[in-house]
Amino acid sequence: MPLYLFVNNRSWVVERKREAADDMRSGRSGEPKLFLFFTAPDGEVRRSDIAEDFPEMPRARLLESVWRYAEIMRAGDPGEMTSRGEIVMPRARDVARDFSRAVLLRCPNCGGRKILKNWFTLKPRCPRCGIRLDRGEADDYFLGGMFFNIVLAEILFAIVLLVVVITMWPNVPWDGVEYSLIIAMVAAPIVLYPVSRLMWLALDLLLRPPDDAEMEWHTAAGKD
Ligand SMILES: [Zn+2]
């Protein structure tokens, strides 16, 4: 049964299928393996291994959490989340802490500062706790960051519009409002770029807290 994942206002069909492996790198060709198939609205299909096959790979673990996230998104079936076990329901206090760290451009994992190389680039790792700020997952993290970027921009859009209309009513300068909002909507994705990416990391860390083994992997592997 296909599930749906909404990214960047587009709905991807996500399916989990077992297929004969044809990946020579794994050295296990011929064995059936689990894959996630992501089908975009335009028909583009991407296929990815998931965690059962490569539990040691952060990429595989992220894909598994994407699969679980897609299940959570399925309307009317919230029970799936707990039945699958490993995903954790974060406490409100942790959510507030991690997201406020993201908004302040600090590491969501430890609160460490100076994690931006420049406005559009996070440092590979947090200088304080060592966690990889893309969690070893550059491609998929881009999609998640885009999701937050759009949500944040739309929330800000609604708040600003509401404040302007309420404070200036009934003499709202509609032309000025329109032009400023257009400029703001163009600027918002740029202004919010690092915050969006860090919020995505915060969400991922909340739903899938790093264990000791993962932190060891982040801090032990060579410099990058
Ligand atoms: Zn950190």
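What you see is a predicted model; the values in this text were computed from it and never measured.

(A) The overall build of the protein, seen in detail. When helices and strands are counted, the protein shows 7 helices and 6 strands. Beginning at the N terminus, the succession of helices and strands in the protein can be written as β-β-β-β-α-α-α-β-β-α-α-α-α. Going through the 224 residues of the protein one by one, you find that 39% of them count as buried. Pairs at least 24 apart in sequence give 54% of the contacts found in the protein among residues at least 6 apart. About 13,000 Å² of surface is accessible on the protein, with carbon and sulfur atoms providing 62% of the total.

(B) How the structure looks around the coordination of the zinc ion. Every protein donor of the zinc ion is accounted for by C107 (SG), C110 (SG), C126 (SG) and C129 (SG), and the metal-donor separations fall at 2.3 Å. All donor residues of the zinc ion come from one chain, and their arrangement in sequence is C-x2-C-x15-C-x2-C. On the criterion of sequence distance, the pair formed by C107 in the loop between α3 (92–103) and β5 (116–118) and C126 in the loop between β6 (121–122) and α4 (138–168) is long-range, its members being 19 residues apart. The two residues C107 and C126 agree in class, both being buried.

(C) Geometry of a nonpolar patch on the surface. There is a patch of nonpolar side chains on the surface, built from V151, I155, L156, I159 and V163 and spanning about 390 Å² of accessible area. By secondary structure assignment, the location of V163 is in helix α4. According to the relative accessible area criterion, V163 is partly exposed, its value standing at 46%.

(D) Spatial organisation of the confidence of the model for the protein. The pLDDT averaged across the protein works out to 76; a share of 71% of its residues lies at or above 70. Of all the helices and strands in the protein, helix α2 (residues 80–83) carries the lowest mean pLDDT, 34, while β5 carries the highest, 93.

(E) Here's a closer look at the nonpolar core. Counting 26 residues, the largest nonpolar core has F99, C107, C126, C129, I131, L133 and M199 as the members making the most contacts within it. Looking at this core, the elements with two or more residues in it are α3, α4 and α6 (193–207). Considering each element in turn, this core owes the most residues, 10 residues, to α6. Setting aside residues up to four positions removed in sequence, C129 forms contacts with C107, N109, C110, M215 and T219. In terms of nonpolar packing, the next biggest core, distinct from the first, is built from 7 residues, W12, V14, A40 and L63 among them.

(F) Spatial organisation of the packing of α3 against α6. Between α3 and α6, whose axes approach to 8 Å, the crossing angle comes to 155°. Between α3 and α6, the crossing angle belongs to the class labelled roughly antiparallel. Of the two elements, α3 crosses α6, and the hand of that crossing is right-handed. Listed contacts from α6 to D94, V95, D98, F99, A102 and V103 of α3 are V195, L198, M199, A202, L203 and L206.

(G) Broad picture of unusual backbone geometry. Residue P170 follows W169 across a cis peptide bond; omega there is 0°. With respect to the secondary-structure elements, P170 resides in the loop between α4 and α5 (174–191). With a phi angle near 60°, L105 is a residue other than glycine that sits in the positive phi range. Looking at the element boundaries, L105 is found in the loop between α3 and β5. Its identity as a non-glycine residue notwithstanding, K114 has a phi of 55°, on the positive side.

Parameters and conventions
- Residues numbered from 1 in each chain as written.
- Predicted model: local features only at pLDDT ≥ 70, side-chain atom pairs only at ≥ 80, totals over all residues.
- Heavy atoms only, no water.
- Helix = DSSP H or I, 4+ residues; strand = E, 2+ residues; numbered from the N terminus.
- Buried < 20%, exposed > 50% of the residue type's maximum accessible area, 1.4 Å probe, protein only.
- Contact = heavy atoms within 4.5 Å.
- Areas by Shrake-Rupley, 256 points an atom, 1.4 Å probe, with all protein chains shown as cover.
- Donors = N, O, S within 2.8 Å, 3.2 Å for Na, K, Ca; no water.
- Patch = residues over 30% accessible without salt bridge, like charges linked within 9 Å, V, L, I, M, F, W, Y side chains within 5 Å.
- Salt bridge = Lys/Arg side-chain N within 4 Å of Asp/Glu carboxyl O.
- pLDDT = per-residue confidence, 0-100.
- Core = buried A, V, L, I, M, F, W, Y, C linked by side-chain atoms within 4.5 Å.
- Axes fitted to C-alpha atoms, helices over the stretch in contact; angles between N-to-C directions.
- Parallel < 35°, antiparallel > 145°, perpendicular 65-115°, else oblique.
- Left-handed = near helix turned anticlockwise from the far one by under 90°.

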